[in-house]
Amino acid sequence: MSRLEDLEAFIHIAEAGSLTKAARRLNRSLQAVSRSLATLEEDVGVQLVHRSTRHSALSEAGETFFRRVKPAMAEIGEARLEVADRRTEPSGTLRVGAPILFGPDFLVPIIAEYMRAYPQVEVDLQLTDSFVDLSGEGLDLVVRIADLPDSGLQGRRLGELRRVVFGARSYFEQHGRPAHPSELRQHACIVRTVDQRPGLWAFQIAGKRRTVGVRGAFRTNTMAAIYSAVSAGLGIGYSPLWQIRHLLDTGQVETILEDFESRPVPIHALWQENRLPPAKVRAFVDYLATRLKLDLL
């Protein structure tokens with residue numbers, strides 16, 4: 001059976017298109033890389049690479065072999081890293097991204113517990129409601145609350161969160177309480193102007209997802225302003241439940257249309273695809289999965 005070094009040399013030759021470039025990437029001599037390729041070809045019994053003075057190209061058999069071998073070598077590499085990483089305690093700087101309102105109340109207590117357990121770790125928490133690029137921002141992982149498209153990230157689902165319609169009792173006493181999402185069109189609704197589709201609120205009606213267009217005289221770009229406006233009786237709001245829990249607990253607002261709530265929004269911890277998360281990331285994700293209390297959210 002071919003050595004792993006021979007397979008590794010072949011993969012680098014295929015990707016670089018040159019034995020010389022492959023040798024440079026591997027920090028090996030050109031002769032050593034050439035011997036590895038020759039040994040591999042002798043082992044499989046076919047020519048894998050057409051060689052020329054300046055360029056190397058895969059043969060038809062080489063193309064097939066490359067497609068099968070590269071994922072297997074990646075798995076072996078990840079397995080090596082995982083075994084080595086498990087021997088070490090989490091350490092270094094953990095850079096985490098999270099939504100602005102979610103981070104302080106729900107993540108910081110978990111981060112504090114995590115840092116007490118792993119004193120060799122420093123944490124850099126970046127709060128933003130934008131879907132930032134992990135590699136571009138230098139983040140190890142992000143916590144996202146959304147229905148995620150195919151984002152090129154790997155992750156762990158932590159749970160799901162309700163979205164609710166809510167208003168102040170003073171508003172309902174003056175304008176009535178909607179009994180169906182369609183009735184919201186006759187009410188003052190407070191729209192967040194920076195939403196992807198401002199004024200379109202999602203519901204489950206007759207077992208299907210439906211959107212209802214709403215409007216009102218007061219609009220704003222922040223959720224904090226929406227909560228203040230709803231509490232003041234200016235209109236009806238639409239929000240993740242966790243963001244208004246304090247208003248519900250103090251009786252400043254009430255939820256309505258519970259029978260028509262849209263499907264809960266998933267919450268994930270995400271990290272770079274095709275990269276084995278280091279110990280500091282794995283340990284923090286485990287903390288999130290076991291400590292994050294979503295039953296009231």
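The rules behind each value
Residues numbered from 1 in each chain as written. Predicted model: local features only at pLDDT ≥ 70, side-chain atom pairs only at ≥ 80, totals over all residues. Heavy atoms only, no water. Buried < 20%, exposed > 50% of the residue type's maximum accessible area, 1.4 Å probe, protein only. Helix = DSSP H or I, 4+ residues; strand = E, 2+ residues; numbered from the N terminus. Arc of directions from axis to C-beta. Contact = heavy atoms within 4.5 Å. Polar contact = N/O pair within 3.5 Å; in protein donor to acceptor, adjacent residues only side chain to side chain. Pairing = 2+ DSSP bridges. Axes fitted to C-alpha atoms, helices over the stretch in contact; angles between N-to-C directions.

*Asks:* I keep staring at helix H2 (residues 19-26) and nothing clicks. Help me out?
*Replies:* Since there are 3.6 residues in each turn of an α-helix, residues three or four apart along the chain are aligned in direction. Burial in H2 covers these residues: Leu19, Ala22, Ala23 and Leu26. Buried residues of H2, viewed axially, fall in a sector of 100°; they line one side. The exposed residues of H2 that point more than 90 degrees off its buried face are Arg24 and Arg25. Along its buried surface, H2 packs onto helix H1 (4-16), helix H3 (30-44) and strand S2 (56-58). Residue Ser18 occupies the N-cap position of H2, its side-chain oxygen lying 3.1 Å from the main-chain nitrogen of Thr20.

*Asks:* I would appreciate a short explanation of the sheet that holds strand S7 (residues 163-167) in the present structure.
*Replies:* What links the strands of a sheet is backbone hydrogen bonding, and the strands pair in either a parallel or an antiparallel sense. The strand order across the open sheet formed by three strands is S12-S7-S13, and the pairing between neighbours is antiparallel. Among the strands making up the open sheet, the edge pair consists of strand S12 (237-240) and strand S13 (254-256). Sheet twist, expressed as the mean angle between neighbouring strand axes with direction ignored, is 50°. Note: S7 against S13, three bridges, orientation antiparallel. Paired with Gly167 across the two strands is Glu254, which belongs to S13.

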